[in-house]
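Residue-level listing of the chains:
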Amino acid sequence: MFDTLTDKLTAVFASLGNKGRLTEADVDAALREVRLALLEADVNLKVARDFVGQIREKAVGGDVLKGISPGQAVIKLVHDQLVTLLGEGAHPLQPHAAPPSVALMVGLQGSGKTTTAAKLALHLRKQGHRSLLIAADTRRPAAMDQLEALGKELDVPVYREEAGPDDAPKVASNGLKRARDLGVAWAIVDTGGRLHVDDELMEELAVMKAELDPAEVLLVVDAMTGQDAVSAAAAFNERIGLTGLVLSKLDGDARGGAALSVTQTTGVPIKFAGVSEKLDGLEVFHPERMASRILGMGDIVTLVERVAEQTTEEQAAEMERKLRRAEFDLDDFLKQLRQLQKMGPLSSLLEMLPGARGLRAQLPAGGLDERRVRRTEAMISSMTLWERQHPERINGSRRRRVAQGSGTAPSDINQLLSQFRQMQKMLKQLASGQANALGALAGAGGGAPTSRAARRRAKRGR
Ligand SMILES: Nc1nc2c(ncn2[C@@H]2O[C@H](COP(=O)(O)OP(=O)(O)O)[C@@H](O)[C@H]2O)c(=O)[nH]1
Ligand SMILES: [Mg+2]
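Residues numbered from 1 in each chain as written. Chains lettered and ligands numbered in written order. Predicted model: local features only at pLDDT ≥ 70, side-chain atom pairs only at ≥ 80, totals over all residues. Heavy atoms only, no water.

A. Just the sheet that holds strand β8 (residues 282–284), in detail. Here we have eight strands laid out as an open sheet, ordered β3-β2-β4-β1-β5-β6-β7-β8, and mixed in their pairing. Strands with a single pairing partner mark the edges of an open sheet, and in this sheet they are β3 (158–159) and β8. Pairing of strand β6 (residues 244–248) with strand β7 (residues 270–274) involves three bridges; the strand directions are parallel. Looking at β7, one finds that L245 is bridged to I270. Its contacts with the sheet put helix α9 (residues 227–240) on β1 (101–106), β5 (216–222) and β6, and the angle it makes with β5 is roughly 160°. (Pairing = 2+ DSSP bridges. Helix = DSSP H or I, 4+ residues; strand = E, 2+ residues; numbered from the N terminus. Contact = heavy atoms within 4.5 Å. Axes fitted to C-alpha atoms, helices over the stretch in contact; angles between N-to-C directions.)

B. Molecular detail of the site of ligand 1. Close to ligand 1 lie 16 residues; G110, K113, T114, T115 and D251 are nearest. For ligand 1, an oxygen atom lies 3.2 Å from a polar atom in the side chain of K119. At a separation of 3.5 Å, a nitrogen atom of ligand 1 approaches a polar backbone atom of S276. For ligand 1, whose unbound accessible area comes to 580 Å², protein coverage reaches 79%. Sorting elements by how many residues they give to the shell around ligand 1 places helix α5 (residues 113–126) first, with four residues. Of the residues in the shell around ligand 1, the class split is two nonpolar, nine polar and five charged. (Near = heavy atom within 4 Å. Polar contact = N/O pair within 3.5 Å; in protein donor to acceptor, adjacent residues only side chain to side chain. Areas by Shrake-Rupley, 256 points an atom, 1.4 Å probe, with all protein chains shown as cover. Nonpolar A, V, L, I, M, F, W, Y, C, P; charged D, E, K, R; others polar.)

C. Molecular detail of the packing of helix α7 (residues 168–182) against helix α8 (residues 199–212). Interaxial distance between α7 and α8 falls to 9 Å at its minimum, and their mutual angle equals 25°. The angle between the axes of α7 and α8 places the two elements in the roughly parallel class. Crossing of α7 against α8: the hand is right-handed. The segment α7 lies against α8, with A168, P169, A172, S173 and L176 engaging E204, V207, M208, E211 and L212. (Parallel < 35°, antiparallel > 145°, perpendicular 65-115°, else oblique. Left-handed = near helix turned anticlockwise from the far one by under 90°.)

D. Structural context of the environment of R289. Along the chain, the position of R289 falls in helix α11 (residues 287–294). With relative accessibility at 15%, the residue R289 sits in the buried group. C-alpha separation for the pair R289 and G89, spaced 200 residues apart in sequence, amounts to 9.6 Å. (Buried < 20%, exposed > 50% of the residue type's maximum accessible area, 1.4 Å probe, protein only.)

E. Main features of the pairing of strand β4 (residues 186–191). Here β4 lies mainly inside the structure; six of its six residues are buried. Burial along β4 is two-sided: W186, I188 and D190 and A187, V189 and T191, pointing in opposite directions, are all buried. With five bridges joining them, β1 and β4 adopt parallel strand pairing. In the sheet register, A103 faces β4, and the bridge partner there is I188. Pairing between strand β2 (residues 131–136) and β4: six bridges, direction parallel. Paired with I134 across the bridge in β4 is V189.

F. The arrangement of the pattern of salt bridges in detail. For the structure on display, the rule yields 22 salt bridges. Residues E40 and K8 are paired through a salt bridge, measuring 2.7 Å at the closest nitrogen-oxygen approach. Taken together, the residues E40 in helix α2 (residues 24–40) and K8 in helix α1 (residues 3–17) connect sequence positions 32 residues apart. On the accessibility criterion, E40 (44% relative accessible area) is partly exposed. Counted as one network, the salt bridges with shared partners bring together R139, D166, R194, D198, E200 and E204. (Salt bridge = Lys/Arg side-chain N within 4 Å of Asp/Glu carboxyl O.)

G. Representation of the confidence of the model for the chain. Per-residue confidence for the chain gives a mean pLDDT of 82; residues scoring 70 or more make up 78%. The model gives residues 434–462 a pLDDT under 50, and that stretch makes 34 contacts with residues more than four places away or in other chains. (pLDDT = per-residue confidence, 0-100.)

H. Examining the packing of α2 against helix α3 (residues 45–61) more closely. Taken N-terminus to C-terminus, the directions of α2 and α3 make an angle of 160°; their axes are 10 Å apart at the nearest point. Classified by the angle their axes make, α2 and α3 are roughly antiparallel. Crossing of α2 against α3: the hand is right-handed. Touching E24, V27, D28, L31, V34, R35, L38 and L39 of α2 are L45, A48, R49, F51, V52, I55, R56, A59 and V60, all from α3. Grouping the amino acids of the contact of α2 with α3 by side-chain chemistry returns twelve nonpolar, no polar and five charged.

I. Structural context of the environment of G241. Here G241 lies in the loop between α9 and β6. Linking G241 and L218, residues 23 residues apart in sequence, is a C-alpha distance of 9.5 Å.

J. Representation of the nonpolar core within the structure. Grouped together as the largest cluster of nonpolar side chains are 79 residues, with contacts concentrated most on L5, F51, V106, F236, L260 and I294. Here this core takes nine residues from helix α4 (residues 70–86), the largest share from any one element. Both domain 1 (3–86) and domain 2 (101–289) contribute no fewer than three residues apiece to this core. Look past the residues within four positions of L5 in its chain and what remains in contact with it is A37, L38, A41, L260 and I294. In terms of nonpolar packing, the next biggest core, distinct from the first, is built from 26 residues, L120, A121, I188 and V246 among them. (Core = buried A, V, L, I, M, F, W, Y, C linked by side-chain atoms within 4.5 Å. Domains from an automatic or database assignment.)

K. Expanded view of unusual backbone geometry. Cis geometry is adopted by the peptide bond preceding P100, which originates at P99 and carries an omega value of -5°. Looking at the secondary structure, you find P100 in the loop between α4 and β1. Residues other than glycine seldom take positive phi values, yet D155 does so here, at roughly 65°. Here D155 shows up in the loop between α6 (141–154) and β3. Its relative accessible area of 65% is what places D155 among the exposed residues. With a phi close to 45°, D213 is a non-glycine residue in the positive phi region. Along the chain, D213 turns up in the loop between α8 and β5.

Structure representation (structure tokens):
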């Protein structure tokens, strides 16, 4: 996601970042490029203009240009303005005081309502809340089947009943009664959609909203539809009133314009982002992390959280430390390999590492090859712990022994070792690249410096 935008902004900043002194003309030229990049990403014209205007005011009006590293200060201004644009801070679900709270899922057909309803049930369960899914897309029996299947997959109860096409409000109300009986925390109501905003549908949703008194009315918008998503959001908000947005399909090659304009245009916060078809592919939307990703600074926090879902806290902290400092031996490699398989496509993980986006092109399509992974696993398993920690010391006779133990050839071991060396090199580059990005923010007076290099740099800057 946001690939082109990130590339463009990175290029603009590369030209700014290292200059010791900036003139107003330098800033104007850079901001012109920023505005073009936003427009190309399908950001609303007015939003893009205001965005750049506000940065210019702060850059030229304040003391930014007189500071020690004005280029980095401008980057920080852009970062902060992105955070503002994206809605500042996370926006968790707001339950009613007395359960069950209703979450009404609305949106155009195909936007991802049914999938997101199920993802939400899983998300809530991870937080210790039970929910009931209610199949109120009564015009499409297939949609009710779909929800029922997803519920089964998650082991979350689904309410459905025989119903005519116009019975959605009745089904939803009956479902809510069931939710009360079950004593669940949330009733998640899946509704029907149309290809376009249409009066009849809006009327039906308005009736449901009046009857259900939902705690949350969540509009699911497809990020890939760009400005159409923004106008749909405006229309839904005007007609029925929304409490939050879910931006689905951010994993696709969305240009990102919808994400960047929708909150500004409607005043409704983005609460979640859909990042894969799978049911665990829902993320709480964090504007700061998204801004960092857009600026190519990576999103270590989300990456570590995702790892943490599969591991203990200590393991996650350890991995973060190793990633940041590029201390990574073959034993870690083996552990990560096993975890990666559980964590989803490698490409989506790389997106979160600062400076690693370019590497994605080199990944085999379709992610990790199961057979190769198992072979690698066998090879590393046949090494002693000492060998895993000192791969550079694996000589010819050790190589033969490991090959024999794992049923491979010494040349396979060679290949593995050379791949590993490359990876180590890459991690070192990433670690220093990240220090640069974070150091830029720290040096400009931004967030807490996290790496030793960044701390050192920040100290020098002050
Ligand atoms: N890649 C991706 N696909 C998604 C995401 N959310 C939904 N989908 C897919 O989009 C299609 C439509 O989703 P569905 O939930 O049926 O949409 P609905 O018509 O609004 O209920 C399905 O194929 C989903 O698997 C997402 O975040 N990422
Ligand atoms: Mg549906």
